[in-house]
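Structural description and commentary
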Amino acid sequence: MSEAIVQSVSSGGCNVLDTSVNYREQRAERAVRDALQRLCVQGILPPEEEGGELIKYDREELVVCSKVGYIPFTDLESDASGSSSGLIGLDTPSTDRQTGDKGKKKPPPGWKPGMSDQETQALKTVASKGIDSFVSLLDSGLINEVRDIVGGIHCMAPHFIRQQLEMSLDNLGLEALDVYYLHNPVESQLPSQGKDELCSRLRSAFEAMEGARQDGNIGAYGMATWSCFRVPTTARQEYFNLEDAVHIARDVGGINHGLRYVQVPINMAMTEVFMDNTQTVQGMECTLLEAAEKLDVNVVSSVPLFQGQLVQDAGFPASVSTCTVACHVICTHLVSYPIPSTFLC
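Residues numbered from 1 in each chain as written. Predicted model: local features only at pLDDT ≥ 70, side-chain atom pairs only at ≥ 80, totals over all residues. Heavy atoms only, no water.

Considering the overall build of the protein
Each helix and strand counted, the protein has 10 helices and 12 strands in total. When the 345 residues of the protein are sorted by exposure, 48% land in the buried category. Look at the contacts in the protein between residues 6 or more apart in sequence, and 66% of them connect residues 24 or more apart. Just so you have it, the protein exposes about 16,700 Å², and 49% of that area is on carbon and sulfur atoms. (Helix = DSSP H or I, 4+ residues; strand = E, 2+ residues; numbered from the N terminus. Buried < 20%, exposed > 50% of the residue type's maximum accessible area, 1.4 Å probe, protein only. Contact = heavy atoms within 4.5 Å. Areas by Shrake-Rupley, 256 points an atom, 1.4 Å probe, with all protein chains shown as cover.)

Side note on the packing of aromatic side chains
On inspection of all chains with the given rule, the structure shows one aromatic pair. We note K195 situated over the ring of F240; from NZ or CZ to the ring centre the distance is 5.9 Å. (Phe/Tyr/Trp six-rings, centres within 6.5 Å; stacked < 30°, edge-to-face > 60°. Lys NZ or Arg CZ within 6 Å of the ring centre and 35° of its normal.)

Description of the pattern of salt bridges
One pass over the full model with this rule turns up 12 salt bridges. Residue K195 is joined to D244 by a salt bridge in which the shortest nitrogen-to-oxygen separation is 3.0 Å. Linking K195 in helix 6 (residues 185–214) with D244 in helix 7 (residues 242–253), this pair joins segments that are 49 residues apart in sequence. Notably, a salt bridge pairs E210 with R213, separated by 2.9 Å at the nearest N-O pair. Placement of the pair is E210 and R213 together in helix 6, with a separation of three residues, close to one helical turn. A residue is classified by how much of its surface remains accessible, and E210, at 7% relative accessible area, is buried. Residue classification places R213 among the partly exposed residues on the basis of a relative accessible area of 27%. (Salt bridge = Lys/Arg side-chain N within 4 Å of Asp/Glu carboxyl O.)

Examining the packing of helix 7 against helix 9 (residues 288–295)
The geometry of helix 7 relative to helix 9 is characterised by a closest axis approach of 10 Å and an angle of 20° between their N-to-C directions. One finds that helix 7 runs roughly parallel with respect to helix 9. When the axes of helix 7 and helix 9 are compared, the crossing they make is right-handed. When helix 7 is examined against helix 9, the residues L242, E243, V246 and R250 are found in contact with a partner set consisting of L288, A291, A292 and L295. The residue inventory of the contact of helix 7 with helix 9, partitioned by class, reads six nonpolar, no polar and two charged. (Axes fitted to C-alpha atoms, helices over the stretch in contact; angles between N-to-C directions. Parallel < 35°, antiparallel > 145°, perpendicular 65-115°, else oblique. Left-handed = near helix turned anticlockwise from the far one by under 90°. Nonpolar A, V, L, I, M, F, W, Y, C, P; charged D, E, K, R; others polar.)

Some details on the side chain of H257
Looking at the secondary structure, you find H257 in the loop between helix 7 and strand 7 (259–265). Among all residues touching H257, those that are not within four sequence positions of it are E210, R213, Y221, V246, A249 and R250.

With respect to the nonpolar core
Counting 65 residues, the largest nonpolar core has I161, L177, L182, F206, F240 and L242 as the members making the most contacts within it. If you tally residues by element for this core, the top one is helix 6, at 10 residues. Aside from chain neighbours lying at most four places away, what touches F240 is V186, K195, L198, C199, L202, C228, F229, A245 and Q279. (Core = buried A, V, L, I, M, F, W, Y, C linked by side-chain atoms within 4.5 Å.)

Quick look at the pairing of strand 2 (residues 63–68)
By the criterion of burial, strand 2 is predominantly enclosed, with six of the six residues buried. Side-chain alternation along strand 2 places V63, C65 and K67 on one buried face and V64, S66 and V68 on a second face that is also buried. As paired elements, strand 1 (residues 16–18) and strand 2 share three bridges and run parallel to each other. When the bridges of strand 2 are listed, V16 appears paired with V63. Two elements, strand 2 and strand 5 (residues 177–183), share four bridges in a ladder whose sense is parallel. Pairing of K67 across the sheet is with Y181, part of strand 5. (Pairing = 2+ DSSP bridges.)

With respect to the environment of H257
What makes H257 buried here is its relative accessible area of 2%. With 37 residues separating them along the chain, H257 and A220 place their C-alpha atoms 8.5 Å apart.

As for the packing of helix 5 (residues 158–172) against helix 6
The packing of two helices is summarised by the inter-axis angle and the distance between the axes. It is at 8 Å that the axes of helix 5 and helix 6 come closest, and there the two elements cross at 40°. In terms of axis orientation, helix 5 runs oblique to helix 6. Taken as a pair, helix 5 and helix 6 cross one another with a handedness that is right-handed. On helix 6, the residues that touch P158, I161, R162 and L165 of helix 5 are S204, A205, A208, M209 and A212. Per-class residue counts for the contact of helix 5 with helix 6 are seven nonpolar, one polar and one charged.

Below you can see the structure in the form of structure tokens.
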């Protein structure tokens with residue numbers, strides 16, 4: 001993964017790296033860290049050149065984004081005693097998917113065959129640090145498992161956001177993120193919590209984001225979504241109006257609030273954001289792209305290749321299709337921001 005990022009950036013194909021703490025059990029963020037180390041610290045050779053001076057990128061040349069919302073668990077599997085942990089990096093017995101055998105220990109995130117015991121222990125220490133921090137939030141009551149965690153997997157309580165941001169910065173080896181997204185906040189919480197409670201939770205989450213901006217830990221924040229901005233207003237269990245989100249952000253952060261990005265699927269099979277009038281601004285119906293322009297919010301596309309389906313029969317080399325479908329390594333285009341493309345990892 002890190003090699004693919006380096007090649008994509010060095011070829012001039014992208015300079016925006018988009019990931020999440022829950023992708024691949026934190027391995028995705030650590031792959032980005034490894035790539036950033038090579039690109040910005042060690043330097044790389046120019047493409048197709050075996051000699052010459054190393055190229056080093058300034059951190060400011062790259063836009064790094066991550067997400068918060070989904071608790072970074074593994075599958076909730078029971079150990080031999082019947083209790084379940086599911087917390088990543090914990091050296092607890094689990095059920096082997098292939099054989100069904102119990103008692104096999106799950107390696108920590110980032111582990112590779114051939115690593116020494118010392119290297120493995122170092123990875124366990126890093127993983128347990130983040131987990132211990134999360135567990136302490138539960139133990140102290142700062143996060144209530146019943147009140148704050150929805151469906152057992154999603155949380156956007158302020159203390160959780162701050163803890164996860166610290167974990168992401170550690171994983172990425174950075175002092176600050178350029179963009180920090182709430183990960184599917186509407187899709188994950190609206191059906192069970194209702195709109196009023198969702199808006200209350202968004203307000204608290206935006207307050208945490210504005211605090212992170214003031215502390216210099218993020219440049220801006222946004223909402224990484226799947227369906228809420230694309231579906232019609234009649235889909236009450238999924239729909240959300242972007243103007244409502246911006247009003248909350250303005251109440252929290254003023255006219256210079258940090259809610260400046262939304263991420264939404266855009267591809268040849270999913271055209272709603274520029275074809276359907278799913279949004280309203282000042283009572284006028286419009287598309288999401290039109291609403292975002294009026295509200296000064298940038299729109300970032302996700303799944304531009306329809307999760308690989310658009311390249312399966314397009315005559316691309318097999319390696320391209322395989323990488324896209326199996327590894328979820330795709331290049332996306334920012335719709336309303338002057339940066340060429342995104343590497344989603």
